[in-house]
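So the chains spell out like this:
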Amino acid sequence: MMPQPDRINSDVGPTSQTSLTDFFEPLLHYFGLISVLIFIAYSIATIYTLKKHQTNILGILSQYDNQISLKWIYLLPLSFVSLTLLNVFYESYFASSNYLDPVTIHLASFFIFILLLCFFGVKQKPIFRFKKQFSEKELTDNCGLTLEASNALNDETTTHLNDEFISQTIKTMQTYMQNEKPFCDPDFSVYSLAKALNIPRRSLSLVLNTGLSKNFYQYVNDFRIEEVKQKLANQDEKSTILDIAYEAGFKSKSSFNSLFKQHCEVTPSQYRKGVKKR
């Protein structure tokens, strides 16, 4: 990656002043700096995309953990910056020493970075496994909705729905959630609910945002919390709080505790003790 100190006497052989190698010599000379700038730009774009993904995911899935939010990817630019600073520090203070050649440090840094990428990348599971689930017949059926509402549903780019359609969809959705309890499935998604109600995903998201001022994640986990509260009130001593949480559709203990305390302002164990006293 470093320019040759003496091109004419090098093993490659002499080159003319108008050769392609001469043309790219400034680029090769600053190859390391250009690589760093490219990676910084790529990291900024990655972080922007991650932020957007983490916002959108709450309207699609009912679970939220590191593998779904992809927070581990933040480790990659962070590790790159750390390794770059380490290389700069080493070359500034120890380059003339006999410890390690700077090129060895560079290669070791690349190796560490690749190991991190492989380790987390292999562990990462697919997030989106959804296919288009609506036929023309399903879109026009729509659980007995009015013709006007059905026509509105056929347009996936709809940004506004009438009040009648919103209220009717909310009523149908509430009945389905209370009777069928699909939220007990940890992998329950907005696509599953949209298919059950014969409504396009985008229209369902608009109903939740406009009619209930909630995203899909909040809507489903409210049902899960209520399910846990009902089971805790039954005082089934054989089941632990965590068992009840898993039965209600939660996948993570930490997310369950956080959501429960946010919803009830007490921890699950405190809630259970309060129910016992009453």
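Residues numbered from 1 in each chain as written. Predicted model: local features only at pLDDT ≥ 70, side-chain atom pairs only at ≥ 80, totals over all residues. Heavy atoms only, no water.

**Details of the packing of helix H11 (residues 216-233) against helix H13 (residues 253-264)**
Running from N to C, H11 and H13 cross one another at 85 degrees; their axes reach a closest spacing of 10 Å. Judged by the inter-axis angle, H11 sits roughly perpendicular to H13. Residues Tyr217, Asn221, Asp222, Ile225, Glu226, Val228, Lys229 and Leu232 of H11 touch H13, and the partners they reach there are Phe256, Leu259, Phe260, His263 and Cys264. Per-class residue counts for the contact of H11 with H13 are eight nonpolar, two polar and three charged. (Axes fitted to C-alpha atoms, helices over the stretch in contact; angles between N-to-C directions. Helix = DSSP H or I, 4+ residues; strand = E, 2+ residues; numbered from the N terminus. Parallel < 35°, antiparallel > 145°, perpendicular 65-115°, else oblique. Contact = heavy atoms within 4.5 Å. Nonpolar A, V, L, I, M, F, W, Y, C, P; charged D, E, K, R; others polar.)

**Some remarks on the confidence of the model for the chain**
Put simply, the chain has an average pLDDT of 79, and 78% of its residues get 70 or more. Taken element by element, the predicted model of the chain shows its lowest mean pLDDT in helix H6 (residues 136-141) (42) and its highest in helix H8 (residues 163-180) (93). Under a pLDDT of 50 for its full length, residues 9-16 has, in the predicted model, seven contacts with residues more than four places off or in other chains. (pLDDT = per-residue confidence, 0-100.)

**Observations concerning the packing of aromatic side chains**
Across all of its chains, the model carries twelve aromatic pairs by this definition. Taking 5.6 Å as the distance between ring centres and 80 degrees as the angle between the ring planes, the aromatic pair formed by Phe39 and Phe113 counts as edge-to-face. Of the two residues, Phe39 is situated in helix H2 (residues 31-56) and Phe113 in helix H5 (residues 102-123); the sequence distance between them amounts to 74 residues. Relative accessible area serves as the criterion here: at 15%, Phe113 is assigned to the buried category. Ring plane angle 80 degrees and centroid distance 5.6 Å describe the contact between Phe260 and Tyr271, whose orientation is recorded as edge-to-face. (Phe/Tyr/Trp six-rings, centres within 6.5 Å; stacked < 30°, edge-to-face > 60°. Buried < 20%, exposed > 50% of the residue type's maximum accessible area, 1.4 Å probe, protein only.)

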